[in-house]
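Observations on chain architecture
Okay, here's what each chain looks like letter by letter:
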Amino acid sequence: MTHRAELADLDDDELVARPFDELVVALQETVQGLEAGNVGLEESIELYRQGLRLHAACETRLRLAELTITELGRRGVAGAETEA
Amino acid sequence: MAAEQRSLWEGPTPEDEPSHEGPPEPPTAPAARLTPRILRVTDLNRRVRSLLDSDAVLADVWVEGEVSQPSFPASGHCFFVLKDANSQVRVALFREELARAVVRPGHGMNVIIHGRVRAYEPQGVYQLYVDSITPAGAGDLPARYEALRAELSAAGLFAEGRKRPIPRWPRRIGVVTSPVGAVWRDITNVLRRRYPLVHLVLSPSVVQGATAAPAIVRALRRLYVERDLDVIILARGGGSLEDLWPFNDEQVVRAVADAPVPIIVGVGHESDVTLADFAADLRAPTPSAAAELATPDASQLATIIGRLRDRASLALTGRADERRRFVDAEQRALARLAPDLGAARQRAADLLDRGARALGDRVERRRMLLAATQDALRTLSPAATLERGYAVARAFDGRILRDAAAIGSGDALQVILARGSVETRVERVRPDRTDELLA
């Protein structure tokens, strides 16, 4: 449950900025938590709410994703970010 | 040259090198004996040069010989002596031709050179100016390939046990290839449509000609000190055996084997197998396939996260059988997502085909899925559960009640219904068993 716990306190903007794979794993953990059946209604609703937020963050990431490209070796300095 | 310091009319001395060039009339013609025509050294050399330049054979010659003592000064050019058992000739290989050459001249190497012979006036020498240089007998290459393959294989560089799995969800991918040309464009195109979430780090390199092998090694090493790379792709488009030769270079193969993170090599076409391919963690049949093998397909990810949301809804409303169906479907989707290494090695065409099909219906599929999950969500949300007759009982402090013992007579209660809520006080607490009450 580590991913989910780490992400639980983030607001929506911070959530969207997290690595995509982390969001998916957290969403998976959230769903598994819901399905485990050993949580009460209160926690279920909270988990569900978190799941929706994570799902929305994943959707946003997929929708807005743009390939980032960095080229090495330009005068020996790494970094100059260019959108190809 | 010593000859340049002597007056011309002194004539040749016995220790002078034998000269086979007859044509230029010596300036000491009989009529000029008393008043010799004295040439400046520059004039002499110019005359020799124009003589050589006028010879059609020397302007277009093929010469085979052995390279001796090549030098690579800072100018980027290369100079060496080409020799056989009896003779030698000076050779100049300029930077542009060197870059195009399939071999970098090495001492003792047998080569075939095409070029022209000219005089170099400032030094009074004639040289062979190269426009192409190839190893003598290209039939040599397969033998060298086999020898090196056997050697590196024995050294364990190609062992199956060294091969690492490719991470399923890479965040940063390093790429070594030429920044100009179709390969880099193909890789970025594949990743843009397939997994644009990734950050590409390009370490550019020349991938053809005599300078390619050391350049590829440098480009790889630059990536090896980068932080947080998940996987590296080394790629080059198709070409002749000579074009792909740098990928059979021992230093390149060893550098591939040295990769600190999993490395995928995609060179040439399906049928081209270089030694670098053997040293890679995964061999991709083409550069585009390398990009596909390095990443999951985002269109499938959209499906998976949509299913996860459906499962969340189902879990909340307790519809276990439907939930199980979704779990199965998701697991199947995840299984499909994992790079299928065996098939990838053998069936590039299938991969590319699948990629093309996925591209075709991806957008539509994703749109339909989103609509479906929104519908599911609407009917299965907590509000819908209340709509089905459930109610939530909350104590005055906001606690949700699940045990009658947690509340006493006279306490305030809020009962949340599908529409609105009721505020009330507890009349009596009955710690009966729930199933008896519902019976």
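Notes on the structure in this doc start here. A quick note: this is a predicted structure, and the numbers were derived from the prediction, not measured.

In terms of regular secondary structure, chain B is built from 14 helices and 13 strands. In chain B, buried positions account for 41% of the 439 residues. Partitioning the intrachain contacts of chain B with sequence separation of at least 6 by distance along the chain shows that 63% fall at a separation of at least 24.

Attention now moves to the overall build of chain A. Tallying secondary structure elements over chain A gives four helices and two strands in all. Ordering the α and β elements of chain A from the N terminus gives α-α-α-α-β-β. Evaluated residue by residue, chain A yields a buried proportion of 45% over its 84 residues. For chain A, the share of sequence-separated contacts (at least 6 apart) that also reach a separation of at least 24 residues comes to 51%. Summing over all exposed atoms, chain A offers an accessible surface of approximately 4,400 Å²; the carbon and sulfur share of this is 49%.

This part is about the pattern of salt bridges. Residue and element names in this part refer to chain A. The full count for this structure, using the stated rule, is 18 salt bridges over all chains. Its salt-bridge partner being Glu46, residue Arg49 comes within 2.9 Å of it at the nearest N-O pair. Here the residue Arg49 and the residue Glu46 both occupy positions in helix α4 (residues 41-64), the gap between them amounting to three residues, near one helical turn. Take Arg49: its relative accessible area is 42%, and that puts it in the partly exposed class.

What follows concerns the interface of chain A and chain B. In this assembly, 36 residues from chain A lie in contact with 45 residues from chain B. Counting the surface lost from both chain A and chain B, the interface buries some 3,600 Å², and carbon and sulfur atoms represent 68% of this. Per-residue buried area on chain A facing chain B is highest for Tyr48, Leu67 and Leu72 of chain A; these three make up 21% of the total on that side. Our enumeration of links across chain A and chain B arrives at two salt bridges. A salt bridge links Asp21 of chain A to Arg171 of chain B; the shortest N-O distance between them is 3.0 Å.

A few words on the packing of aromatic side chains. Each aromatic ring pair is described using two quantities: the centre-to-centre distance and the angle formed by the ring planes. All names here are of chain B. Tallying each qualifying case throughout the model produces two aromatic pairs over all chains. A ring pair is formed by Phe158 and Phe278, whose centres lie 5.5 Å apart and whose planes are at 40°; its orientation type is tilted. In this pair, Phe158 sits in the loop between α3 (140-154) and β6 (172-177) while Phe278 sits in helix α7 (residues 275-279), placing the two residues 120 residues apart along the sequence.

All right, on to the sheet that holds strand β11 (residues 392-395) of chain B then. All names here are of chain B. Reading across the sheet, the three strands line up as β11-β12-β13 and stay open at both edges, with antiparallel pairing between neighbours. Every interior strand has two partners, whereas the edge strands, β11 and β13 (421-425), have only one. Within this sheet the neighbouring strands show an average axis-to-axis angle of 25°, counted without direction. As defined by bridge partners, strand β12 (residues 412-416) adjoins β13 across five bridges and the pair is classed as antiparallel. Along β13, the bridge assignment pairs Ala412 with Arg425.

What follows covers the side chain of Glu97 of chain B. Residue and element names in this part refer to chain B. With respect to the element layout, Glu97 can be found in helix α2 (residues 95-100). Owing to a relative accessible area of 19%, Glu97 belongs among the buried residues under this scheme. When near neighbours in sequence (up to four residues on either side) are disregarded, Glu97 contacts Val130 and Asp131.

Let us look at the pairing of strand β8 (residues 231-236) of chain B. Residue and element names in this part refer to chain B. Of all six residues that make up β8, six are buried, and the element is covered over most of its length. Burial along β8 is two-sided: the face carrying Val231, Ile233 and Ala235 and the face carrying Ile232, Leu234 and Arg236 are both buried. The pairing of β6 with β8 spans four bridges and is classified as parallel. Looking across to β8, one finds that Ile173 is bridged to Val231. A crossover connection joins β8 to the parallel strand β9 (residues 263-267) through helix α6 (residues 250-257); in handedness this β-α-β unit is right-handed.

It is worth spelling out helix α3 (residues 20-35) of chain A at this point. Between its first and last C-alpha atoms α3 of chain A spans 23 Å; for 16 residues at 1.5 Å apiece the expected length is 22 Å, and the two agree. By the criterion of burial, α3 of chain A is predominantly enclosed, with 14 of the 16 residues buried.

Further remarks concern the pairing of β6 of chain B. All names here are of chain B. Among the six residues of β6, five are classified as buried, and the element is accordingly described as predominantly covered. Relative to strand β7 (residues 199-204), β6 runs parallel, the two being bridged by six bridges. When the bridges of β7 are listed, Val175 appears paired with Leu202. You can see the chain leave β6, run along helix α4 (residues 182-194) and come back into β7, and the turn it takes is right-handed.

To continue, consider unusual backbone geometry. Residue and element names in this part refer to chain B. One non-glycine residue, Gln69, adopts positive backbone phi at about 50°. Within the secondary structure layout, Gln69 lies in strand β1 (residues 61-71). Even without glycine at this site, Asp228 takes up a positive phi of about 65°. Position of Asp228 among the secondary structure elements: in the loop between α5 (212-224) and β8.

How each quantity is defined
- Residues numbered from 1 in each chain as written.
- Chains lettered and ligands numbered in written order.
- Predicted model: local features only at pLDDT ≥ 70, side-chain atom pairs only at ≥ 80, totals over all residues.
- Heavy atoms only, no water.
- Helix = DSSP H or I, 4+ residues; strand = E, 2+ residues; numbered from the N terminus.
- Buried < 20%, exposed > 50% of the residue type's maximum accessible area, 1.4 Å probe, protein only.
- Contact = heavy atoms within 4.5 Å.
- Areas by Shrake-Rupley, 256 points an atom, 1.4 Å probe, with all protein chains shown as cover.
- Salt bridge = Lys/Arg side-chain N within 4 Å of Asp/Glu carboxyl O.
- Buried area = accessible area lost by both parts, 1.4 Å probe.
- Phe/Tyr/Trp six-rings, centres within 6.5 Å; stacked < 30°, edge-to-face > 60°.
- Pairing = 2+ DSSP bridges.
- Axes fitted to C-alpha atoms, helices over the stretch in contact; angles between N-to-C directions.
- Right-handed = clockwise from strand over helix to strand, strands pointing away.
- Expected span 1.5 Å × (residues − 1).

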